Amino acid sequence: MNKLIPAIKVKNLSFYYHTQKILEGVSMDIYQGKVTAIIGPSGCGKSTFLKCLNRMIELEPEARVEGRVEFFNQNIYERRVNLNRLRRQVSMVFSKPNLFPMSVYDNVAYGVKIVGWRPKAELDEIVESAIKDADLWDEVKNKLHKSALDLSGGQQQRLCIARALAVKPQIILMDEPCFALDTIASVKVESLIQSLRLRSELTMVIVSHNLPQVTRLSDFTAFFQNNENRIGEMVEFGATKKIFTTPVDSRTRDYIFARIA
Ligand code: ADP
Ligand code: MG
């Protein structure tokens, strides 16, 4: 096995909304080029954790983070960190497609244009290749200048992934990317994630409640749960195979075996 290199090291991360503690003492590594799944019951802080990884959480009022999140050895919570750059390098896909009311083309070009001006031909090429990478090209190539909001839910989600890919992120965070989709659309998004997984330079973190999907898609799994004080903790982290066959913690075992059996 190739050596594992952490792209992100989370060190003793705690999180509060105002005075309410939501996450406590989470430490884990997210390995470069791998897919890490975050699983656990609703309300245990999975979405919150994900948003701490690119400081998206600071868009929430009264959010407070303690601890460190090191992205290739730099603590992203240092004041001098450029937030726009960080969020390009660590981009996010939400459970509901959140496209802009613009054309298919403009949705993908949007983030690229923010980075800097490019000749039209170059922009066209970036847009096309991102949409191809998102397995969507054949479905939208004749609708590039139509509204993105007219696409189906599954197509919209793949377009969100294309938009994320267009700025060449190192990490993509996905919060229940198949949540709002029917079975067929979910299968397409899942196979897209599988094909992105083969491009070993991309790192992905995926929150999912679909445990069979997690076993198919991820290399590592972190199990989160609220403790007796109703504060989210990371209970166990390990290779997905290990977590799903021989978890060490009885809480992991109870959660997984109740849902897989
Ligand atoms: P999960 O994604 O695992 O379902 P969340 O991260 O969404 O969990 O939520 C974790 C906890 O934080 C929950 O108790 C939720 O009620 C609380 N929470 C989420 N968003 C806010 C907010 N904006 N203000 C206060 N509490 C919040
Ligand atoms: Mg959530």
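Figured I'd write up the structure that's included with this text. (Residues numbered from 1 in each chain as written. Chains lettered and ligands numbered in written order. Predicted model: local features only at pLDDT ≥ 70, side-chain atom pairs only at ≥ 80, totals over all residues. Heavy atoms only, no water.)

**Here's the deal with the overall build of the protein chain**
Within the protein chain, the regular secondary structure consists of 10 helices and 10 strands. Its C-alpha atoms give the protein chain principal-axis dimensions of about 55 × 45 × 35 Å. In the protein chain, buried positions account for 49% of the 261 residues. Pairs at least 24 apart in sequence give 65% of the contacts found in the protein chain among residues at least 6 apart. (Helix = DSSP H or I, 4+ residues; strand = E, 2+ residues; numbered from the N terminus. Buried < 20%, exposed > 50% of the residue type's maximum accessible area, 1.4 Å probe, protein only. Contact = heavy atoms within 4.5 Å.)

**As for the environment of Ile243**
With respect to the helices, strands and loops of the structure, Ile243 is situated in helix 9 (residues 240-245). In this structure Ile243 comes out as buried when scored by relative accessible area, which is 0%. Separated by 172 residues in the primary sequence, Ile243 and Phe71 place their C-alpha atoms 25 Å from one another. Not counting chain neighbours up to four residues away, the residues in contact with Ile243 comprise Thr221, Glu236, Phe237, Gly238, Thr252 and Ile256.

**Quick word on the site of ligand 1**
Around ligand 1, the neighbouring residues are Tyr17, Ile22, Pro41, Ser42, Gly43, Cys44, Gly45, Lys46, Ser47, Thr48 and Glu60. Here Lys46 contributes a side-chain N or O atom positioned 2.8 Å from an oxygen atom of ligand 1. Within the side chain of Glu60, one N or O atom sits 3.2 Å away from a nitrogen atom of ligand 1. (Near = heavy atom within 4 Å. Polar contact = N/O pair within 3.5 Å; in protein donor to acceptor, adjacent residues only side chain to side chain.)

**Examining the packing of aromatic side chains**
Under the definition given, this model contains 7 aromatic pairs. Seen in terms of ring centroids, Phe49 and Phe224 are 5.1 Å apart; in terms of plane orientation they differ by 55 degrees. Their pairing is tilted. Residue Phe49 is located in helix 1 (residues 46-52), and its partner Phe224 is located in strand 9 (residues 220-226); the two are separated by 175 residues in the primary sequence. Residue Phe49 is classed as buried on the basis of its relative accessible area of 0%. Three or more aromatic residues joined by ring pairs make a cluster, and in this case those are Tyr31, Phe220 and Phe237. One cation-aromatic arrangement involves Arg64 over Tyr16; the distance from NZ or CZ to the ring centre is 4.2 Å. (Phe/Tyr/Trp six-rings, centres within 6.5 Å; stacked < 30°, edge-to-face > 60°. Lys NZ or Arg CZ within 6 Å of the ring centre and 35° of its normal.)

**Here's the deal with the packing of helix 3 (residues 104-115) against helix 6 (residues 153-166)**
One way to put it is that helix 3 packs onto helix 6 with a least axis distance of 8 Å and a crossing angle of 30 degrees. Between helix 3 and helix 6, the crossing angle belongs to the class labelled roughly parallel. The chirality of how helix 3 crosses helix 6 is right-handed. Taken together, the residues of helix 6 that come into contact with helix 3 (itself represented by Val104, Asn107, Val108 and Val112) are Leu159, Ala162, Arg163 and Ala166. Taken together, the residues of the contact of helix 3 with helix 6 break down into 6 nonpolar, 1 polar and 1 charged. (Axes fitted to C-alpha atoms, helices over the stretch in contact; angles between N-to-C directions. Parallel < 35°, antiparallel > 145°, perpendicular 65-115°, else oblique. Left-handed = near helix turned anticlockwise from the far one by under 90°. Nonpolar A, V, L, I, M, F, W, Y, C, P; charged D, E, K, R; others polar.)

**Looking at the environment of Arg158**
Here Arg158 lies in helix 6. Arg158 sits 37 residues away from Ser195 along the chain, and the two C-alpha atoms are 13 Å apart. Residues within four places of Arg158 in sequence aside, it is in contact with Ala134, Asp135, Leu136, Glu139, Lys188, Val189 and Leu192.

**Observations regarding the nonpolar core**
Counting 41 residues, the largest nonpolar core has Ile131 and Leu159 as the members making the most contacts within it. For this core, the elements supplying multiple residues, two or more each, are helix 3, helix 4 (120-133), helix 5 (137-140), helix 6, strand 7 (171-175), helix 7 (183-197) and strand 8 (203-207). The biggest single contributor to this core is helix 6, with 7 residues. Ile131 has contacts with Val104, Val108, Leu136, Trp137, Val140, Leu144, Leu159 and Ala162, leaving out every residue within four places of it along the chain. Counting residues in each nonpolar core, the second largest holds 33 residues, with Val26, Phe71, Ile76 and Met92 among its members. (Core = buried A, V, L, I, M, F, W, Y, C linked by side-chain atoms within 4.5 Å.)

**Some words on helix 4**
In an α-helix, one turn spans 3.6 residues, which is why side chains three or four residues apart end up on the same side. Counted at 1.5 Å a residue, the expected span for helix 4 with its 14 residues is 20 Å, and the 20 Å between its end C-alpha atoms agrees. Those residues of helix 4 that fall on the buried side of the exposure criterion are Leu123, Ile126, Val127, Ala130 and Ile131. Along helix 4, the residues classed as buried sweep out an arc of 125 degrees about the axis, all on the same side. Exposed residues lying more than 90 degrees from the buried face of helix 4 are Ala121 and Glu125. Buried residues in helix 4 make contact with helix 3, helix 5 and helix 6. Downstream of helix 4 by one or two residues, Asp135 has phi in the positive range, about 55 degrees. (Expected span 1.5 Å × (residues − 1). Arc of directions from axis to C-beta.)

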